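Structural characterization, general
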Amino acid sequence: MIRSFFFWRRRRDARDLELDDEIRAHFAMAVADRMARGESPEDAAAAARREFGNVGHVREVTRESWGAAGLWLERLDQDLRFTARSLRRSPGVAAAAIITLAVGIGATTAMFTIMNGVLLRPLPFAAPDRLYIASYNPPPGPFSRIPGLYDRHFIAVDAKNDLFDGFATFWSNPATVRGVGDPVKLSDGFGTGDFFDLLGVAAEIGSTFHHGAGDDDHVVVLSDRLWRDRFHADPRVLGHVLEIDDVARTIIGVMPPSFQFPHEAELWTPATVHRDEHRMMTQLALGRLRPGMTEGQARARWAALTGHLDMPPGLDRSALVAQLIPLKEVVVGDVRSSLILFGGAVAFVLLIACANVANLLLMRVAVRDREMAVRAALGAGRVRLVRQLLTEAFAIAAVATALGIGLAYAAVRGLVTLAPNQTLPRVESIRLDLRVLAFAIGLAAMTTVVCGLAPALHATELRLRAALAAGARTVAGGRARLRSTLVVAEIALALVLLVGAGLLIRSLQRLTSVDLGFQTADRLVATVDLPANRYTTAEQMRDYHTRVAAALARIPGVDAVGSINWRPLGVALTAGDFTIEGGPKLPPDYMADKLNVSPGYFRAAGMHVLRGRPFDNTDRAGSPGAVIISESVARKFWPAGDAVGKRISFSDKPTARDWFTIVGVVNDVVQQDISSPRDAAIYQPLAQSQVAGWLTRGSYLVHRVAPAASVAPAMREAIRSIDPSLPVEQVFELRDAIGWTIQAPRFAARLLASFSLLALGLALIGIYGVLAYSVAQRAHEIGVRMALGATPGVVAGMILRRTLMLAVPGLAIGVAAAAALTRVLANFLFHVQPTDPATFASVTGLFAVVALGAAYLPARRAARVDPLSALRSD
Amino acid sequence: MAKQPLSRIELLQGTLDFIILQTLRWGPRHGYGIAQMIRANTGDTLQVDTGSLYPALHRLEKKKWIAAAWELSENKQRVRVYRLTSAGRKQLAVERTRWEQLTGAIAGVMRQPVPEAES
């Protein structure tokens, strides 16, 4: 297709040249004949030319005789060549238009690439739209935000159901892997027997585990990444034995690189679901609908089936909701709204870019009024002229799209790298594919029409009006109005984006300035996980934690050390209710975080003991139970301030040894998500904790007075000295942990801020363009005014007034639109109203100032117009 | 301007093609030569507009009734010379027949009506 086009082009060119030669020869012979008859060379040439007629016309009609087949292409070819010529004549305008549009198309295509990969592309499983997450658990609330099934329900459904063809549950946990290099903590994906068959994904090498596999099958399947990182992609890896959480497992397969499910898993082991009367956790259960079953039928069956399941103790059927959710929804549901938000923002940028390019083309139309008139007089029809202008827009859009796709390619890589860890699912499926290319080409077509049609119709319609004897001034006036309207629209669009970004940034400020209740400066945290097979009793674990804390305290430059059975600002916190001795019953929903800490913890964390005392070494195993409550617990149940000395219990029906005496009150702190309020908490001394399950995880908080660079390695060393067989855990600054919890909002704020700055820049270019052009156009008028006594100040004031005439309506419309649109941000904002007046006011003010800044150069140029030369130039 | 050339009177559709083919019967000629010859042969009555001549030449060439080749003229000018092809010769015969029919018919129309003979 392309080849034949060029082939045709070449033939056409040759033919054109031949025709020119033929005409030239004809002309030369005519002149020669006339001179032979005695005419002077000049007369002969003039007469011959007169006789010959219009050369262009002869050429045109002769070309037409070459046949209608090539005519359309012929004209397109002409238009394109004409475009190339005319754009080459004004390279500045062409470059500005192309770059502007390339940025707009690039950003939009990049965003679409991500949306396409995450939201639109099918999941990389067999018939993924038949895969559903089956859930029967409490509706979204403090305990359950994600769908899930209780173990007993999973077992019952797995044994017998008439709607799923394959049913599995899966989860992931960190596991210690030995047997290849240093011991390492990796995310282990556990799946029941059907897991791989259900997804319909086969191993790249070896095999996966299948139906019937479970806890007793000591096998493991590796991810492609793990295989490459640790085994150098050696295909002889099959049969090799790894020790995973102290269980020897044989490698039976390696998955293809595209298989990343659950997202973080680096290896997979088969598991069995056991019925445990006390386990109240729910987990994801995946099923494939039987062939022929519709979603509606499946929902009805699922509702009926769950209605017959036996209930875990203490749970009421009315508290549970049965749901079937498409797997894709569970995988990408969280990011959909963010991605759509970013997509919308980037569409605004593209619209502004289009408005700018339309303005540039309009400007060129104005300059080319005479050319258009001449071409029209020579018989170019209106359609032909519109086509010429559209061809120009098309040429610009085509080049811009090609550049834009390149930009998008780079931008997608950048965005994926910058996107917060683990918050963007399906990163592996983000790439430029045919759909993205089709989208980009669609954008090119759309921008061609948007940028080209308005100026084209405008130009030709104006010419018609001009032909109807309207004065030249009204013509220019009409065009100026269109150009101003475009700039006003640009300002409004850019303002909406800026307000949105402003709100997110303000929200981020609020987030980072939250008073957490503890100190984060100069605090280092180290964490360990104690493997359940070697640390079995609470006593062993307490001993380990105590020895680590003591070792850390000996490091020079460490001011205070505290241990806690929880990672500050981490996830999965233990919370629950309690009983007050002789006191009121707790409100039904009341919960407090339950934490175990060492005596030094409050000092190390910089928390305040408000009443009573902190824990000390007298709070040992065997001594009377002590607890410290947080301020809000004290205020709620002992408003008189007499909490210290009272007794509470974590048991529903406490016996004598279940009672703990409140020995102190500390301030409330934020425990996990910094956007959630400070929690009520109850602290127990680590030394008195009897529940082994609560002590497997330990964090050591260190207040350092020496640089982190020297303290952190010493901490690692100290921890390793207590038990060298434990894998080395992370050591991090507590301040960084805050950074991790706000990764997503920070990314959103930064991205939207970049888009809005881009929009602002484009809008400023638009303002500048209109003003600069109007100064150039009115140089004559300005010269006359100055000759008549207008001072440079008056002239500059004229330009500033013109700026205000653009900015004021633009900003007004923008503020109104923003007020209507920022509602979509409500879920992204922390302690900021979507219509926050301070943000609106400051962003609008800022915009007004920079808009006047954009007017500075044109105004100065206007003020410097030399009346004499301006008058003479005409 | 002494004489208004008759070519301004529109030639009947197809007539120019016929004239060109007829002209080329006397041997290959370039475009300018054809124009000059038509002019000379009609005693300056017909001046063929170049805007009609070249489209017609290219059209006839496309129909393969004439063929073109680049040659050097007597004064070393590179010129495109047209000559009649055998298809063109046949076409000329057809055109001539049609022309004769047409002129005969027109002549018939133009002739004074003959009084009807009694049988």
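Residues numbered from 1 in each chain as written. Chains lettered and ligands numbered in written order. Predicted model: local features only at pLDDT ≥ 70, side-chain atom pairs only at ≥ 80, totals over all residues.

What follows deals with the overall build of chain B. Summing up its helical and strand segments, chain B has 4 helices and 3 strands in all. Its helices and strands in sequence order give chain B the pattern α-β-α-α-β-β-α, from N to C terminus. Scored against the burial criterion, the 119 residues of chain B give a buried share of 27%. Long-range contacts, defined here as pairs at least 24 residues apart, represent 52% of the contacts in chain B between residues at least 6 apart. (Helix = DSSP H or I, 4+ residues; strand = E, 2+ residues; numbered from the N terminus. Buried ≥ 20, exposed ≤ 12 C-beta atoms within 10 Å, placed from the backbone. Contact = placed C-beta atoms within 7 Å.)

Here we take up the pairing of strand S19 (residues 626-630) of chain A. Residues and elements named next belong to chain A. Most of S19 sits out of view: 5 of its 5 residues are buried. The two faces of S19 match: Ala 626, Ile 628 and Ser 630 on one face and Val 627 and Ile 629 on the other face are all buried. Relative to strand S21 (residues 660-666), S19 runs parallel, the two sharing 5 bridges. Bridge assignment links Ala 626 to a residue of S21, and that residue is Thr 661. (Pairing = 2+ DSSP bridges.)

Here the focus is the interface of chain B and chain A. At the interface, 15 residues of chain B touch 16 residues of chain A. Among the elements of the structure, helix H2 (31-41), helix H3 (50-62) and strand S3 (78-84) of chain B are those that each provide at least two residues to the side of chain B that touches chain A. When residues in the side of chain B that touches chain A are grouped by element, the largest group, 7 residues, is from H3 of chain B. By residue class, the composition of the side of chain B that touches chain A is 4 nonpolar, 6 polar and 5 charged. (Nonpolar A, V, L, I, M, F, W, Y, C, P; charged D, E, K, R; others polar.)

Moving on, we get to the nonpolar core. Of all hydrophobic cores here, the largest spans 111 residues; its most connected members are Ile 352 and Ala 759 of chain A. Val 525, Leu 595, Val 711 and Ala 718 of chain A belong to the second-largest nonpolar core, a separate cluster that totals 56 residues. (Core = buried A, V, L, I, M, F, W, Y, C linked by C-beta atoms within 7 Å.)

All names here are of chain B. Here we have 3 strands laid out as an open sheet, ordered S1-S3-S2, and antiparallel in their pairing. Edge strands, defined here as strands with exactly one partner in the open sheet, are strand S1 (29-30) and strand S2 (66-72). In this structure, S2 lies alongside S3, joined through 7 bridges in antiparallel fashion. Bridge pairing links Ile 66 to Leu 84 in S3.

We now examine the environment of Gly 148 of chain A. All names here are of chain A. Topologically, Gly 148 is positioned in the loop between strand S1 (131-137) and strand S2 (149-150). On the basis of neighbour count, Gly 148 is assigned to the buried category, with 22 C-beta atoms found within 10 Å. For the pair formed by Gly 148 and Thr 169, sequence separation is 21 residues and the distance between their alpha carbons is 9.4 Å. Ignoring anything within four residues of it in the chain, the contact list for Gly 148 reads Ser 135, Asn 137, Thr 282, Gln 283 and Leu 284.

Another aspect to go through is the confidence of the model for chain B. If pLDDT is low for a region, its predicted coordinates should not be looked at in detail. Residues and elements named next belong to chain B. For chain B, the mean per-residue pLDDT works out to 78, and 82% of the residues sit at or above 70. Ranking the elements of chain B by mean pLDDT puts H3 last with 84 and S3 first with 89. This model gives residues 1-10 a pLDDT under 50, and the stretch forms 8 contacts once residues within four places in sequence are excluded. The ipTM assigned to the predicted complex is 0.80, against a pTM of 0.70. (pLDDT = per-residue confidence, 0-100.)

All names here are of chain A. The complete set of buried residues in helix H6 (residues 151-159) reads His 153, Phe 154, Val 157 and Asp 158. Along the axis of H6, the buried residues cluster in a sector spanning 130°; they form a single face. Turning to H6, the residues buried within the fold contact S1, S2, strand S3 (164-178), strand S11 (285-289) and helix H9 (295-306). (Arc of directions from axis to C-beta.)

Attention now goes to the packing of helix H20 (residues 743-777) of chain A against helix H22 (residues 792-821) of chain A. Residue and element names in this part refer to chain A. Where H20 meets H22, the closest approach of the two axes is 11 Å, and the angle between their N-to-C directions is 140°. Crossing handedness for the pair H20 and H22: right-handed. Along its contact with H20, which presents Ile 767, Val 770, Leu 771, Ser 774 and Val 775, the element H22 presents Ile 799, Arg 802, Thr 803 and Leu 806. The residue makeup of the contact of H20 with H22, split by class, is 6 nonpolar, 2 polar and 1 charged. (Axes fitted to C-alpha atoms, helices over the stretch in contact; angles between N-to-C directions. Left-handed = near helix turned anticlockwise from the far one by under 90°.)

Next up on the list: unusual backbone geometry. Residue and element names in this part refer to chain A. Pro 262 follows Phe 261 through a cis peptide bond whose omega is -10°. Relative to the helices and strands, Pro 262 is located in the loop between strand S8 (247-254) and strand S9 (267-270). Backbone geometry at Asp 246 places phi at a positive 65°, although glycine is not the residue there. Classification of Asp 246 as exposed rests on a count of 12 C-beta atoms within 10 Å. Positive phi is not limited to glycine here, since Asp 522 has a value of about 60°.

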